Amino acid sequence: MAEEKTLLSVLHGEARKIPPLWLMRQAGRYLPEYRDLRATTTSFLDFCYSPKKAAEATLQPIRRFHFDAAILFSDILVVPDAMGQRVSFESGEGPRLAPIETPEQAERLGAFKIEHLAPVFEAIELVKTALPPDVAFIGFCGAPFTVASYMIAGQGTPDQAPARLFAYRFPRAFAQLIDRVVEASIDYLARQIEAGVEVVQIFDSWAGVLPAAEFMRWSAAAVRRIVEGVKARHPQTPVIAFVRGADAHLPMLTRTIGADAYGIDTALDPAWAVAQTAADVVLQGNLDPLALVAGGEALDREVDSILAAFDGRPHIFNLGHGILQQTPIENVERLVARVRGTGG
Ligand code: CP3
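Residues numbered from 1 in each chain as written. Predicted model: local features only at pLDDT ≥ 70, side-chain atom pairs only at ≥ 80, totals over all residues. Heavy atoms only, no water.

Enquirer: Requested: an account of the layout of surface pockets, with residues and values cited.
Expert: Empty space within the largest pocket amounts to approximately 1,300 Å³. When residues of the lining of the largest pocket are traced back to their parent elements, those giving at least two are helix H2 (32-38), strand E2 (88-90), strand E3 (94-96) and helix H14 (289-294). (1 Å grid on protein atoms, 1.4 Å probe; cavity = no way out; pocket = protein on both sides within 12 Å on 5 of 7 lines; lining within 4 Å. Points joined across faces, edges and corners; volume = space filled by probe spheres on them. Helix = DSSP H or I, 4+ residues; strand = E, 2+ residues; numbered from the N terminus.)

Enquirer: Give me the lowdown on the packing of helix H8 (residues 144-153) against helix H10 (residues 171-195), citing residues and values where you can.
Expert: Put simply, H8 and H10 touch, their axes get as near as 9 Å, and they point 120° apart. Taken as a pair, H8 and H10 cross one another with a handedness that is right-handed. Between H8, through Pro144, Phe145, Val147, Ala148, Met151 and Ile152, and H10, the contact on the second element is made entirely by Phe174, Leu177, Ile178, Val181 and Val182. Of the residues assigned to the contact of H8 with H10, the class counts are 11 nonpolar, no polar and no charged. (Axes fitted to C-alpha atoms, helices over the stretch in contact; angles between N-to-C directions. Left-handed = near helix turned anticlockwise from the far one by under 90°. Contact = heavy atoms within 4.5 Å. Nonpolar A, V, L, I, M, F, W, Y, C, P; charged D, E, K, R; others polar.)

Enquirer: Go over the packing of aromatic side chains, please, and point to the residues and values.
Expert: Applying the stated criterion across every chain, the model contains 13 aromatic pairs. Summarising the aromatic geometry, the rings of Phe140 and Phe203 are spaced 5.6 Å apart at their centres and angled 85° between planes, so their arrangement reads as edge-to-face. Here Phe140, found in strand E4 (residues 136-142), pairs with Phe203, found in strand E5 (residues 199-204); they are 63 residues apart in sequence, far enough to count as distant. An identical accessibility class is assigned to Phe140 and Phe203; each is buried. An angle of 90° between the planes, with centres 4.7 Å apart, marks the rings of Phe174 and Trp218 as edge-to-face. (Phe/Tyr/Trp six-rings, centres within 6.5 Å; stacked < 30°, edge-to-face > 60°. Buried < 20%, exposed > 50% of the residue type's maximum accessible area, 1.4 Å probe, protein only.)

Enquirer: Tell me about the pairing of strand E9 (residues 315-319), and name the residues and values.
Expert: By the criterion of burial, E9 is predominantly enclosed, with 5 of the 5 residues buried. Alternating positions in E9 separate into two faces, His315, Phe317 and Leu319 on one and Ile316 and Asn318 on the other, with burial throughout. Of the strand pairs in this sheet, strand E8 (residues 282-287) and E9 are connected by 5 bridges, and their pairing is parallel. Across the sheet, residue Leu287 finds its bridge partner in E9, namely Leu319. (Pairing = 2+ DSSP bridges.)

Enquirer: Would you mind going over the site of the ligand in detail, with residue names and values included?
Expert: The local shell around the ligand holds 21 residues, among which Arg29, Tyr34, Asp75, Ser205 and His321 are the closest. Arg38 has a polar side-chain atom sitting 2.9 Å from an oxygen atom of the ligand. In this structure, an oxygen atom belonging to the ligand sits 2.5 Å away from a side-chain N or O atom of Ser205. About the coverage of the ligand: the protein hides 87% of its 870 Å² of free accessible area. (Near = heavy atom within 4 Å. Polar contact = N/O pair within 3.5 Å; in protein donor to acceptor, adjacent residues only side chain to side chain. Areas by Shrake-Rupley, 256 points an atom, 1.4 Å probe, with all protein chains shown as cover.)

Enquirer: So what's going on with the state of the cysteines? Which residues, and what values?
Expert: Applying the stated rule across the entire model yields 0 disulfides. Cys141 supplies the cysteine sulfur nearest to Cys48, a cysteine that is in no disulfide, at a spacing of 15 Å. What makes Cys48 buried here is its relative accessible area of 1%. Looking at Cys141, the relative accessible area reads 1%, which means it is buried. (Disulfide = S-S within 2.5 Å.)

Enquirer: Summarise the sheet that holds E5; cite the residues concerned and give the values.
Expert: Strand order in the open sheet made by the 7 strands is E1-E4-E5-E6-E7-E8-E9, with parallel pairing throughout. The sheet is open, and its two borders are formed by strand E1 (69-71) and E9, each paired with just one other strand. Pairs of neighbouring strands in the sheet enclose a mean axial angle of 25°, with direction left out of account. Pairing of E5 with strand E6 (residues 239-243) involves 5 bridges; the strand directions are parallel. Pairing of Ile202 across the sheet is with Ala241, part of E6. Along the sheet face, helix H15 (residues 296-309) touches E8 and E9 and points at about 165° away from the line of E8.

Structure below.
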């Protein structure tokens, strides 16, 4: 069965002439059917916690584009929400949490209550019964540094300054917070796997701002611990680590983290990534989301150069970061046809 799914075969080390294709944030606001479904629930987290709606949002991009993988529709911030640090999303403004400004406030966080996330596992079970047999199913969590950066700032920030300051001022308290997110994430991913996802991805969207020593401690080491924890419970489940901004740290990550594949972001030169990592390292990426917005010949050119750079390597075609809301549907269709050699 597994061999039918090209994503799984590549995660097991096979190089395919036509790489499996999925897009980070492939369910979402660029899809009219998502906007219609989303309009039926005011609060974004209530939407995530509605198993039928979350399952439907997961399946929408599969129906439209027949990607090689579905990614669970949810959010990385359900983890702090399940620790009692309630999360809300202001429309157009992103997430809001009560910020953590002192070690005392960090200590007051509640235990991670996995039952709070029961609707997520229910959504997974619904998706599992509806997925076409050749489509792999990906679960996910945020990496500890990225999640902690929202927990501390209480919102998105351009440079994660609040979390970085907290880490310099209160290294013990920050380490404890990272530990709590590591433990919660292992439990959360293990439960997603038990409910039916076949692959998990860890998103470290903000690690790229860290100086080298901080990067090792708060990003690389924490992601490695999650990989180890998941593998201890589910040794067969492939793990993808997407450390955005890993840059020159990528070769070190591929030698030390123990993931089955590494996502690379838009800024990284694929030829460099291929040359600097061992031939059996599986890489995922890294089309510029703006090339997908632009479309046309610029898109074709970028797609072709990525395909050429990864030729002969086990490669998963993806964006270098999440799809943008203003992406035209026809450009996604053009991308799929170009990657699969069925048009364009
Ligand atoms: O990939 C998918 O299609 C699955 C769903 C998914 C969402 N968020 C849905 C979502 C995934 C994998 C995420 C991950 C996520 N969430 C990350 C890491 C990946 C990345 O892009 O860097 C981060 C940093 C978050 C936190 C988050 N969630 C922010 C900053 C925001 C607001 C900004 C924005 O893009 O709107 C969200 C909200 C969110 N998560 C939306 C969606 C579809 C939009 C809200 C809505 O539809 O009302």
